[in-house]
Amino acid sequence: MGKIKLSDTLQFLTAKLNKITGSEFDFSLELDDPQVATGDVVRARAVLRAPEGKDRTITRVRMQLAGQVQSEGQWEEYEQTADAVNDVPLPGGHEYVIPIVIKIPHQAVFSEDGGNWRLRAQAVVDRSVTPRDEVVVEVVEEG
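Being a predicted model, the structure only gives us computed values, none of them experimental.

(A) How the structure looks around the nonpolar core. Core analysis: the biggest nonpolar cluster contains 33 residues, and Leu48, Val61 and Leu119 have the highest contact counts within it. Apart from residues lying up to four places away in sequence, Leu119 is in contact with Leu29, Leu31, Val42, Ala44, Gln64, Leu65, Ile100, Ile102, Asp133, Glu134, Val135 and Val137.

(B) Geometry of the sheet that holds strand 7 (residues 95–103). Taken together, the three strands give an open sheet; going across it, the order is 1-3-7, and neighbouring strands pair in antiparallel fashion. Both outer strands of the open sheet, strand 1 (26–31) and strand 7, are each paired with one neighbouring strand and no more. Each strand of the sheet is rotated relative to its neighbour by a mean of 20 degrees, with strand direction disregarded. Pairing of strand 3 (residues 41–49) with strand 7, which is carried by nine bridges, proceeds in the antiparallel orientation. Bridging from a neighbouring strand, Ala46 pairs with Ile98 of strand 7.

(C) Representation of the pattern of salt bridges in the model. For the coordinates displayed, the defined rule picks out nine salt bridges. Across the pair Asp126 and Arg56 runs a salt bridge whose closest N-O atoms are separated by 3.1 Å. Linking Asp126 in the loop between strand 8 (117–125) and strand 9 (132–140) with Arg56 in strand 4 (residues 56–71), this pair joins segments that are 70 residues apart in sequence.

(D) Seen up close, the environment of Glu141. Take Glu141: it is sitting in the segment after strand 9. A sequence separation of 31 residues divides Glu141 from Phe110, and the C-alpha atoms of the two residues are 6.6 Å apart.

(E) The environment of Tyr78, seen in detail. Relative to the helices and strands, Tyr78 resides in strand 5 (residues 74–84). A relative accessible area of 22% places Tyr78 in the partly exposed class. Taking C-alpha positions, Tyr78 is 9.3 Å from Pro105, a pair spaced 27 residues apart along the chain. For Tyr78, the residues in contact, after removing those within four places along its chain, are Leu65, Ala66, Gly67, Gln68, Val69, Lys103, Pro105 and Trp117.

Definitions and cut-offs
- What you see as residue numbers is a count from 1 along each chain, following the sequence as written.
- Given that the model is predicted, a residue must reach a pLDDT of at least 70 before its local features are reported, and side-chain atom pairs must reach 80 or more before they are shown or counted; all residues, however, enter totals for whole chains, interfaces and linings.
- No hydrogens and no water enter the side-chain calculation; it runs on all heavy atoms of the structure.
- In this description, a nonpolar core means a group of buried Ala, Val, Leu, Ile, Met, Phe, Trp, Tyr and Cys residues linked to one another through side-chain atoms lying within 4.5 Å.
- Working definition: with a 1.4 Å probe on protein chains only, accessible area under 20% of the residue-type maximum means buried, over 50% means exposed, and in between means partly exposed.
- In what follows, a contact means two residues having at least one pair of non-hydrogen atoms within 4.5 Å.
- Two strands make a pair as long as DSSP finds a minimum of two bridges between them.
- A run of DSSP states H or I qualifies as a helix once it reaches four residues; a run of E qualifies as a strand once it reaches two. Both are numbered from the N-terminal end.
- Axes, fitted as lines to C-alpha atoms, cover a helix only where it is in contact. Angles between the N-to-C directions of the axes lie from 0 to 180 degrees.
- In what follows, salt bridge is the name for a side-chain nitrogen of Lys or Arg lying within 4 Å of a carboxyl oxygen of Asp or Glu.

Below, the structure written as structure tokens:
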């Protein structure tokens, strides 16, 4: 029996949720590299696409990086959040791309040690539709 990756499951479930909540509006997160060394940056982009013939307004996009850091021998939750976009029109058939660059702290807990890092983004469209997406970031030792 084959294994199903957690990231594949999250993408499938997120796509289903987006179809329910976001109608035909398309929203996705794309990572440049799923592996990031401590002290380096996660490079990604949030891509929002309006269906043909349906103008939308992107009210807000909230991005969040979450994981664990080590402080005085203890693991602590780490979260960094940023909002982008403020009532930006998105004509039908077009897309809006938000570049994301977030630094992973030097004291980040590595994925192989149990640190689960994730980048999540949620869009508020037309002040109510809230499509979202999430990707898993594998944090590795500085090289």
